[in-house]
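Summary of the model geometry
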Amino acid sequence: MLAEYDTLDATALAGLIRAGEVSAREVFETALARIAALEPMLNAIVHPHYDLAEADLQAGLPDGPFTGVPFLIKNTGFAVRGMELSTGSRLFAGAVDQADGTLAARYRRAGLVLLGKSNTPEFALSFATEPREYGATRNPWSLEHGPGGSSGGSAAAVAAGLVPFANSSDGAGSTRLPAAHTGLFGFKPSRMRNPLGPVAVEAIAGMSTPHALTRSVRDSAALLDATAGADQGDPYAQPKQECSFLGSVARAPGPLRIGLTLDSPLGTPVDPQIRARCLEAARLMENLGHEVEEVADAGYDAQALKTAWRVIPGVNVAAAVLARGRALGLDDPAAALEPVNEEWVREGMGLSGMDYLAAVNRLHQTARDLGRFFARFDILMSPASAELPPKIGEMASTTPGLDAFYDRFWAHSPFTCAFNASGFPAMSLPFGQSAQGLPVGVQFGAALGGDNLLFALAGQIERAAPWAHLRPTLSEHRA
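All figures in this text were calculated on a predicted structure; none of them were measured in a lab.

1. With respect to the packing of helix H11 (residues 339-349) against helix H13 (residues 402-412)
- Running from amino to carboxyl end, H11 crosses H13 at an angle of 100 degrees, the nearest separation of the two axes being 9 Å. Between H11 and H13, the interaxial angle falls into the category roughly perpendicular. Residue-level contacts link Val 340, Glu 343, Trp 344 and Glu 347 of H11 to Leu 402, Phe 405 and Tyr 406 of H13.
- Partitioned by chemical class, the residues of the contact of H11 with H13 number 5 nonpolar, no polar and 2 charged.

Printed below as a string of structure tokens:
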């Protein structure tokens, strides 16, 4: 067994394998042993497919930047040959994909060993990873708390050292929020920087962007180098990147104009401990030579965005539920869903094309508003979430009441969704802990195509205020 497995990032592990100091087999067996020891406490992996990973090892892995490194795929939206894709729902239980999606194929080409699917809320429609069908995922920093969502299973697995990094997606903050709650680096690339095909053209009107949760900035950048690029027929094109994302990490970004907002754009409360960590981060930015100006808001209508966002997932999930119902011969497939999601889907079924178009136009208006902000500033800085990690059960969607759930959902993370609506890139970086020992994240966002700029800033911050030594006590349990 590789004793230091859970302390190494993916780049370091890949380097050891490439140098012949350990084998991909030894790393795989160490990962399985650690999963066996800690997964019963976490419930981070809902569809293990270790037999498929074993077959890939026996067949021989391609020579890529991460050859032999274990990896998990989020259980929503990502097709992997032979793996179950239940999307956290009873309705889709047992659905198995027969072919890889484009992103999974690129992961394989990078040499990753795909172990299975990580837990997610039903249809990824919550910031709490507590699906009724598969149970709650627990935060390795405190088992009474959740890791956030919707990429909560991936976040818990990486934070606990089950795998060095894991796939995620972000439709309203679903990479950045779990990163903030588990002390990880969470990067949401510019819209369609990573592909979603070949089956899906886009996800929730282009708002959902896939990538990963990582311990280090370099892992995130190197993985995006391996996976980014348009798929055939993609409806959007990104500005050409200046250089490799990994190359940007080592390059100082130069003096930046940073707009700092501490107040929720919805007027909802922000935890004072989170505000304090953000102010500490702002002082660090100034010490690094950047100009920080506190602003009241970023200039977009957050209440209108909140109203519009509810329409788009509601209609998209309703379409998927109806299609699944037809395939299974069900008269009322929505009845199989969790109470909040059943209400949400039924609402989506009753909306018109005009309702959907108005919601999409609100996304575009948000993009224009943010574009004006980035004409003045290079970076928008804010809390990643307004609240600390919730306790298990506090944000579950298993009890009726869509309106109350939706208000709670947005109050928890009011800062993140504007970057999904606009398609602009954003990231959450760890900045210390609360008095209770729970991680706190700070968000940084840039204009469309500003992925290289964000990686340069993230690398600078990681060097100035490293977080790798901050690990949950659960990580002390050795396989």
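Once you've had a look at it, read on.
2. Remarks on the sheet that holds strand E6 (residues 209-214)
- Read from one edge of the open sheet, 8 strands run E4-E6-E5-E10-E11-E9-E7-E8, paired in mixed fashion. The sheet is open, and its two edges are formed by strand E4 (165-170) and strand E8 (291-294), each paired on a single side. For this sheet the average axis-to-axis angle between neighbouring strands, irrespective of direction, equals 25 degrees.
- Across 3 bridges, strand E5 (residues 185-188) lies against E6 in antiparallel orientation. Among the inter-strand pairings, Phe 185 is bridged to a residue of E6, identified as Thr 214.
- Docked against the sheet, helix H15 (residues 451-464) engages E5, strand E9 (379-383), strand E10 (426-433) and strand E11 (439-445), running at close to 15 degrees with respect to E10.

3. Some thoughts on the sheet that holds strand E2 (residues 70-74)
- Pairing is mixed across the open sheet formed by 3 strands, whose spatial order is E1-E3-E2. Sheet topology places strand E1 (45-48) and E2 at the edges, where each strand pairs with a single neighbour. On average, each strand axis in the sheet is tilted by 40 degrees relative to the strand beside it, whichever way the strands run.

4. Considerations on the packing of helix H7 (residues 217-227) against H15
- Relative orientation of the contacting elements H7 and H15 amounts to 155 degrees, with a least axis distance of 9 Å. Considered as vectors, H7 and H15 are oriented roughly antiparallel to each other. The crossing of H7 and H15 is left-handed. Across the interface between the two elements, Val 217, Ser 220, Ala 221 and Leu 224 of H7 pack against Phe 455, Ala 458, Gly 459 and Glu 462 of H15.
- For the contact of H7 with H15, the per-class residue count stands at 5 nonpolar, 2 polar and 1 charged.

5. Brief notes about helix H3 (residues 50-59)
- Among all positions in H3, only Ala 53, Asp 56 and Leu 57 are buried. The arc that holds every buried residue of H3, seen down its axis, measures 100 degrees, which confines them to one face. Counted as exposed and oriented over 90 degrees from the buried face of H3: Asp 51, Gln 58 and Ala 59.
- Residues of H3 that are buried sit in contact with helix H2 (24-42), helix H4 (102-109) and strand E3 (113-118).

6. Brief notes about the nonpolar core
- The biggest cluster of nonpolar side chains holds 53 residues, and the ones touching the most others in it are Phe 66 and Leu 112.
- In this structure, Phe 66 is in contact with Ala 10, Thr 11, Ala 14, Ala 110, Gly 111, Leu 112, Phe 165, Asp 219, Ala 222 and Leu 223, ignoring residues within four places of it in sequence.
- Formed by 49 residues, the second largest nonpolar core is a distinct cluster that contains Leu 125, Phe 127, Trp 309 and Cys 417.

7. What to know about the packing of aromatic side chains
- Inspection of every chain in the model, using the stated rule, returns 20 aromatic pairs.
- Each ring, one from Phe 373 and one from Phe 377, has its centre 4.9 Å from the other, and the planes form 25 degrees; the classification is stacked.
- Classification of Phe 373 by relative accessible area gives buried; the value is 4%.
- These aromatic residues form a ring-pair network of at least three members: Phe 127, Trp 309, Trp 344, Phe 405, Tyr 406, Phe 409 and Trp 410.
- One residue, Arg 310, lies across the ring of Tyr 406, its end atom 5.4 Å from the ring centre.

8. Concerning the pattern of salt bridges
- Counted according to the given criterion, the structure contains 21 salt bridges.
- Across the pair Asp 170 and Arg 176 runs a salt bridge, and its minimum N-O distance is 2.8 Å. The same class applies to Asp 170 and to Arg 176, which are both buried.
- Its salt-bridge partner being Arg 346, residue Glu 342 comes within 2.9 Å of it at the nearest N-O pair. Taken as a pair, Glu 342 and Arg 346 lie in helix H11 at a separation of 4 residues, close to a single helical turn.
- Through salt bridges with shared partners, a single ionic network connects Asp 56, Arg 81, Asp 100 and Arg 108.

Definitions and limits used
- Residues numbered from 1 in each chain as written.
- Predicted model: local features only at pLDDT ≥ 70, side-chain atom pairs only at ≥ 80, totals over all residues.
- Heavy atoms only, no water.
- Axes fitted to C-alpha atoms, helices over the stretch in contact; angles between N-to-C directions.
- Helix = DSSP H or I, 4+ residues; strand = E, 2+ residues; numbered from the N terminus.
- Parallel < 35°, antiparallel > 145°, perpendicular 65-115°, else oblique.
- Contact = heavy atoms within 4.5 Å.
- Nonpolar A, V, L, I, M, F, W, Y, C, P; charged D, E, K, R; others polar.
- Pairing = 2+ DSSP bridges.
- Left-handed = near helix turned anticlockwise from the far one by under 90°.
- Buried < 20%, exposed > 50% of the residue type's maximum accessible area, 1.4 Å probe, protein only.
- Arc of directions from axis to C-beta.
- Core = buried A, V, L, I, M, F, W, Y, C linked by side-chain atoms within 4.5 Å.
- Phe/Tyr/Trp six-rings, centres within 6.5 Å; stacked < 30°, edge-to-face > 60°.
- Lys NZ or Arg CZ within 6 Å of the ring centre and 35° of its normal.
- Salt bridge = Lys/Arg side-chain N within 4 Å of Asp/Glu carboxyl O.

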